[in-house]
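Reading the structure
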Amino acid sequence: MDSMYNRFKSVVGAVVGGSEGGASNDSLLSRQQKLEPKFPYNRPHFLQLDDEEIHISADHRLRPIIHPSKPLPYYAGYAECINAGKSRWNEDQAVFRQGVLTKPDVQFSIPYSYYGIFDGHAGVGAALCAANQLHHIIHEKLVDAQDDIWADFIGKNLVTCKQTDLLIIGALEAAFKEMDQLIAEDRMKYLAAGGCTACIALFILGKLYVANAGDSRAILCNNNNFQPLSMDFTPESERDRIRRLVEEQPSLVGNEFTSKEFLQPLQTTDLGKTVMYRDAHMKGWAYKTVEQDDLKNPVIVGHGKRSRLMGTIGVTRGFGDHDLNAIYTKVQIKPLLSHQPEVQVYKITSTDEKEVLVMGTDGLWDVVCCSKAAEIVKKSIENFSEKERYVCAATCLVGFARGSLINDHNWQLKNGKQASCDDISVLVIPTFPYKLEYQDLCEKYL
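Described in the following lines is the structure provided in the data block. (Residues numbered from 1 in each chain as written. Predicted model: local features only at pLDDT ≥ 70, side-chain atom pairs only at ≥ 80, totals over all residues. Heavy atoms only, no water.)

1. So, the sheet that holds strand β7 (residues 225-228)
Spatial strand order, β1-β20-β17-β6-β7: five strands in an open sheet with antiparallel pairing. Whereas interior strands pair on both sides, the edge strands pair on one side only; in this sheet they are β1 (77-81) and β7. The average undirected angle you get between the axes of adjacent strands in this sheet is 20 degrees. Direction of pairing for β1 relative to strand β20 (residues 424-430): antiparallel, over a ladder of five bridges. In the strand pairing of β20, E80 is matched with S425. (Pairing = 2+ DSSP bridges. Helix = DSSP H or I, 4+ residues; strand = E, 2+ residues; numbered from the N terminus. Axes fitted to C-alpha atoms, helices over the stretch in contact; angles between N-to-C directions.)

2. A look at unusual backbone geometry
Of note, the phi angle at D321 is positive, near 60 degrees, even though the residue is not glycine. Mapping D321 onto the fold places it in the loop between β15 (319-320) and β16 (342-347). The phi torsion at Y328 lies on the positive side, around 70 degrees, for a residue other than glycine. Position of Y328 relative to the elements: it lies in the loop between β15 and β16.

3. Focus on the packing of aromatic side chains
Applying the stated rule across the entire model yields 12 aromatic pairs. Between the aromatic rings of F46 and Y78, the centroid separation amounts to 5.0 Å while the plane-to-plane angle is 85 degrees, which identifies the pairing as edge-to-face. Here F46 is found in the loop between α2 (26-32) and α3 (51-57), whereas its partner Y78 is found in strand β1, with 32 residues between them in sequence. By relative accessible area, F46 is classed as buried at 9%. Between W150 and Y445, the ring centres sit 5.8 Å apart and the planes meet at 80 degrees, which makes this aromatic pair edge-to-face. Within this pair, whereas W150 is found in helix α4 (residues 125-155), its partner Y445 is found in helix α10 (residues 432-445), the two being separated by 295 residues in sequence. According to the relative accessible area criterion, W150 is buried, its value standing at 1%. A connected cluster of aromatic rings, assembled from ring pairs, spans Y74, F96, Y115, F203 and Y434. (Phe/Tyr/Trp six-rings, centres within 6.5 Å; stacked < 30°, edge-to-face > 60°. Buried < 20%, exposed > 50% of the residue type's maximum accessible area, 1.4 Å probe, protein only.)

4. Things to note about the packing of helix α8 (residues 370-383) against helix α9 (residues 389-402)
Direction vectors running N to C along α8 and α9 enclose 140 degrees, while the axes themselves pass 8 Å from each other. Comparing the axis directions of α8 and α9 gives the class oblique. The element α8 and its partner α9 pack so that their crossing is right-handed. Contacts between α8 and α9 involve K372, A373, I376, V377, S380 and I381 from the former and R389, Y390, C392, A393, C396, L397 and F400 from the latter. Grouping the constituent residues of the contact of α8 with α9 by class yields 10 nonpolar, one polar and two charged. (Parallel < 35°, antiparallel > 145°, perpendicular 65-115°, else oblique. Left-handed = near helix turned anticlockwise from the far one by under 90°. Contact = heavy atoms within 4.5 Å. Nonpolar A, V, L, I, M, F, W, Y, C, P; charged D, E, K, R; others polar.)

5. A look at empty space enclosed by the protein
Size it by volume and the largest cavity reaches roughly 70 Å³. Those elements that provide at least two residues to the lining of the largest cavity are β3 (108-121), β4 (195-204) and α10. Here the element with the most residues in the lining of the largest cavity is α10; it accounts for four residues. Partitioning the lining of the largest cavity into residue classes produces nine nonpolar, one polar and two charged. (1 Å grid on protein atoms, 1.4 Å probe; cavity = no way out; pocket = protein on both sides within 12 Å on 5 of 7 lines; lining within 4 Å. Points joined across faces, edges and corners; volume = space filled by probe spheres on them.)

6. Observations concerning the side chain of D92
Here D92 lies in strand β2 (residues 92-103). Despite its burial, D92 remains without a salt bridge, the nearest opposite charge being carried by R43 at 6.4 Å. A distance of 2.9 Å separates a polar atom in the side chain of D92 from a polar atom in the side chain of T361. Within the structure, the side chain of D92 is placed 3.0 Å from the side chain of S425, a separation counted as a polar contact. Other than its neighbours up to four places away in sequence, D92 contacts R43, F118, D119, G120, T361, D423, I424 and S425. (Lys, Arg positive; Asp, Glu negative; His and termini not counted. Salt bridge = Lys/Arg side-chain N within 4 Å of Asp/Glu carboxyl O. Polar contact = N/O pair within 3.5 Å; in protein donor to acceptor, adjacent residues only side chain to side chain.)

Structure, rendered in structure tokens:
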């Protein structure tokens, strides 16, 4: 038992101090209650936890920080901890896989590495499906394009390099769409719960492709510097897209919501008064006389992390949520949610072993800014050996965001501010080994 608990305690204890969702269709809920989940609850496969360890990892009061017992390739780091009681299980999921594109007729092979983090909401079902299936779909899409990718690799010129980028970006975009469709189809056969955000990293041919849909985040860190490799997709950041969609297709929201914004919430007593407003196509403000239609609820309420789509959900991209209704209504939210990822491409040129990719769910980023994350990673890299530094960095990031338990479920940061009470999952991946991997491939085949 002692050795089991040792797997959960932080390896860097001295360094680190210390449900969204509206109503769903009743008949669907009734049917799903009779179904089994497609994938039973589990933690990431590379953690290799047994049943007892899985239950210990779900201790909402202890919130143990967990990391792999065996190193990931190139000693990449991973750490996670569960929330402070907002859901029964850890709704985050993570995955790591390695794959190869082969061309048997010429005995060629292109290796790639895939990392993913998925933040579930209103249940862990969608996150489990994505963690277990998305990498298979991405591999199929890459295989479909591999002849062209090989031709571009051998051609080795500027035009073909751009073509390869478009092929891989297209493979990721198509895979995200197919994953979302699969979750939609499976809900008729399996117990399906909620939705999830998705942030994945693909290392292939000396480049890093980051595809993100949701509010998880990926940044590149080198010393105290950082470079964003994703943007957060929230009602706040996608306010323009959503309001324009509702303005053009009001039937999507059942005439329950308005795309207009007003400086102040309107009341019935405001009918006939002149107030400032702006339509979805407007950047500035104008005046209008308040009419009955203006009293509808705005499609986006709140600001920052408190912004909500139809008053219900705080993300605007991801998988699942096919039967999620806006709170207190029967209006489905899915038509405004998008599976479409933003894909950023980064060519790995640095020879500095301190350059790492940090991927985390919003449980990290809600309380840790990018510059602070870079600072924490830098200290870990400087203070630990190559075999330990990246898992220590991931553990330090999780530990910093989780903070210390003060009383009951009250977790605080060192500065006294509220710590993250959400599930927290973090990957810290060195980029330099993938540059060397690509150089070896070029020496072998070119």
